[in-house]
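Residue-level listing of the chains:
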Amino acid sequence: MKCNKVRRLLPLSAGGDLKTGQAMKVEDHIRNCPECRREYEAYRSSLEKTRIVLREECRDWSEEEWRRVVGKAVVSRSAPSPVMAPWPFRQVWAYVLMAVLAVSAAWLAVKPSAFARYFQMESAVVAQLRQEPFWDEGKKAAQDVIRMTMVSRESGLKIVWLLDKNFKWENDE
Amino acid sequence: MKEDVLLDRALDGDESAFELLLRPHRRGMLNIAYQMCLDWEEAREICQDALFKIFKYLHSFKQDRVFKTWLYRITMNTALDTLKKRSTQAKIVDQKSVFCAPGEEMNPENIFLSKELKERIMRCLRSLTPREKSVFLLRDSEGFSIRETAEILGFSSSSIRTHLSRARKKIRAQLEK
């Protein structure tokens, strides 16, 4: 095994976390390579120091505190879930909403025409047109007369053709 | 009393059985929570939440698994959730605890050096990502094997090795600065 590969494995080797085959190869290498051995020792030392500090930092619960914490966990779990209010007192607004919906549904079933006007909405303009047609039955509507004007560029002569809606010539000016 | 007997009794809502079941692990739980967040108050809150979850989900624990591993998994996940929620950096380490074995006399120079070393190591821990930190602490502080650490954190063994290697490299680099 070469030095660069061994160096990559040293952090794990220092804590004894390599697989058996790899560990043996690394051990063989560091036995014969002083540079890698130095690196290995540095990892071992930093790991050892860290472990000591972490061990020294350890604390334990005081008996009283521990019992209180456990008791709290047990009590909070075994506390009964909030009991639902009896039928007449359960969330009144929900029942009111349900009643309104039920009445509406019943009304729709009995008298559907009462709802029809809400769904057949038409604009005020259309409604007015429907009631009062803008053309007079006796007269021809303006749209029924087509007026074509032709002007000569040279002489300035102007010819106006008036055609009815079937493009029949009626008159000219 | 055996663990499975205590477990059955705890499932029936027996508080004393639940307490006895957790007693051997209480110190480990508190310390791993502290090392994750570096604040004793927060560590106690994490343990409180973890205990609540443990009692709540005790019925879902499969008895063919190791209870200790399951317990640490819940504690670790609770600690990781707390770290996620906390946007600010870890609070300053409790300065009251002194790096000195109980009853051991230390001269001022030694106290200064060990305090400095402790602060450096705590700084190293803060520089690790939550995942690296959890792997490092479970393996190097709590002494779980690679396989157990993988089971607790729900990663593969190779992923645990990768994170452990990175964490140890970072810690060494920080200590040599």
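To start, this report covers the structure provided alongside it.

Membership of the largest hydrophobic core comes to 75 residues, with the highest contact counts inside it found for B:F18, B:I54, B:F67 and B:F136. Every residue in contact with B:F18, bar those within four places of it in the chain, is listed here: A:V70, A:V74, B:A10, B:L51, B:I54, B:F55 and B:L58.

Counting from both sides, the interface comprises 45 residues of chain B and, opposite them, 35 residues of chain A. Roughly 4100 Å² is buried in total at the junction of chain B and chain A, and carbon and sulfur atoms are behind 60% of that figure. Along the contact surface separating chain B from chain A lie 10 salt bridges. Residue B:R23 pairs with A:E63 through a salt bridge whose shortest N-O separation is 2.4 Å. For the side of chain B that touches chain A, the secondary structure elements donating two or more residues are helix 2 (15-22), helix 3 (26-37), helix 4 (40-56), helix 6 (108-127), helix 7 (130-141) and helix 9 (157-176) of chain B. Take the side of chain B that touches chain A: its biggest share by element is 9 residues, from helix 9 of chain B.

Glancing now at the packing of aromatic side chains. Here a ring pair, both rings aromatic, is described through the centre-centre distance and the interplanar angle of the planes. Residue and element names in this part refer to chain B. Applying the stated criterion across every chain, the model contains 7 aromatic pairs over all chains. Between the aromatic rings of F18 and F55, the centroid separation amounts to 4.6 Å while the plane-to-plane angle is 70 degrees, which identifies the pairing as edge-to-face. Within this pair, whereas F18 is found in helix 2, its partner F55 is found in helix 4, the two being separated by 37 residues in sequence. Side by side, F18 and F55 carry an identical accessibility label, which is buried. Look at Y72 and F144: their rings are 4.8 Å apart centre to centre, the planes differ by 70 degrees, and that puts the pair in the edge-to-face class.

With that settled, the discussion passes to the packing of helix 8 (residues 146-153) of chain B against helix 9 of chain B. Residues and elements named next belong to chain B. The interhelical angle for the contact between helix 8 and helix 9, taken along N-to-C directions, is 100 degrees, at an axis separation of 9 Å. Our classification of the angle between helix 8 and helix 9 gives roughly perpendicular. Here I146, R147, T149, A150 and L153 of helix 8 come into contact with helix 9, specifically with S157, I160, R161 and L164. Along the lines of polarity and charge, the residues of the contact of helix 8 with helix 9 split into 5 nonpolar, 2 polar and 2 charged.

Here we take up helix 9 of chain B. When the terminal C-alpha atoms of helix 9 of chain B are compared, their 28 Å separation across 20 residues agrees well with the 28 Å that a helix rising 1.5 Å per residue should span. Listed in full, the buried residues belonging to helix 9 of chain B are B:S159, B:I160, B:R161, B:H163, B:L164, B:S165, B:A167, B:R168, B:I171, B:R172 and B:L175.

As a further point, take a positive patch on the surface. On the surface, a cluster of positive charge is made up of A:K5, A:R8, A:K25, B:R166 and B:K169. Within the residue set of the positive patch, elements represented by two or more residues are helix 1 (3-14) of chain A together with helix 9 of chain B. Looking at the element boundaries, A:K5 is found in helix 1.

Turning our attention to a negative patch on the surface. Negative charge collects at one region of the surface, where B:E3, B:D4, B:D8 and B:D12 lie side by side. Locating B:D12 in the fold gives a position in the loop between helix 1 (3-11) and helix 2.

Moving on to a nonpolar patch on the surface. Residues A:M148, A:M150, A:L157, A:I159 and A:W161 make up a contiguous nonpolar surface patch of roughly 430 Å² in combined accessible area. Within the element layout of this structure, A:L157 appears in the loop between strand 1 (146-151) and strand 2 (158-163).

Turning next to the environment of B:S134. All names here are of chain B. With respect to the helices and strands, S134 occurs in helix 7. Judged by its relative accessible area of 1%, S134 is buried. In the structure, S134 is positioned 26 residues away from I160 in sequence and 9.9 Å away in space, judged by C-alpha atoms. If sequence neighbours within four positions are ignored, S134 has contacts with M36, M76 and L153.

Let's shift gears to unusual backbone geometry. Phi is positive for B:L38, close to 60 degrees, though the residue is something other than glycine. The exposure class of B:L38 is buried, given its relative accessible area of 0%.

The rules behind these values
Residues numbered from 1 in each chain as written. Chains lettered and ligands numbered in written order. Predicted model: local features only at pLDDT ≥ 70, side-chain atom pairs only at ≥ 80, totals over all residues. Heavy atoms only, no water. Core = buried A, V, L, I, M, F, W, Y, C linked by side-chain atoms within 4.5 Å. Buried < 20%, exposed > 50% of the residue type's maximum accessible area, 1.4 Å probe, protein only. Contact = heavy atoms within 4.5 Å. Buried area = accessible area lost by both parts, 1.4 Å probe. Salt bridge = Lys/Arg side-chain N within 4 Å of Asp/Glu carboxyl O. Helix = DSSP H or I, 4+ residues; strand = E, 2+ residues; numbered from the N terminus. Phe/Tyr/Trp six-rings, centres within 6.5 Å; stacked < 30°, edge-to-face > 60°. Axes fitted to C-alpha atoms, helices over the stretch in contact; angles between N-to-C directions. Parallel < 35°, antiparallel > 145°, perpendicular 65-115°, else oblique. Nonpolar A, V, L, I, M, F, W, Y, C, P; charged D, E, K, R; others polar. Expected span 1.5 Å × (residues − 1). Patch = residues over 30% accessible without salt bridge, like charges linked within 9 Å, V, L, I, M, F, W, Y side chains within 5 Å. Areas by Shrake-Rupley, 256 points an atom, 1.4 Å probe, with all protein chains shown as cover. Lys, Arg positive; Asp, Glu negative; His and termini not counted. Charge placed at Lys NZ, Arg CZ, Asp CG, Glu CD.

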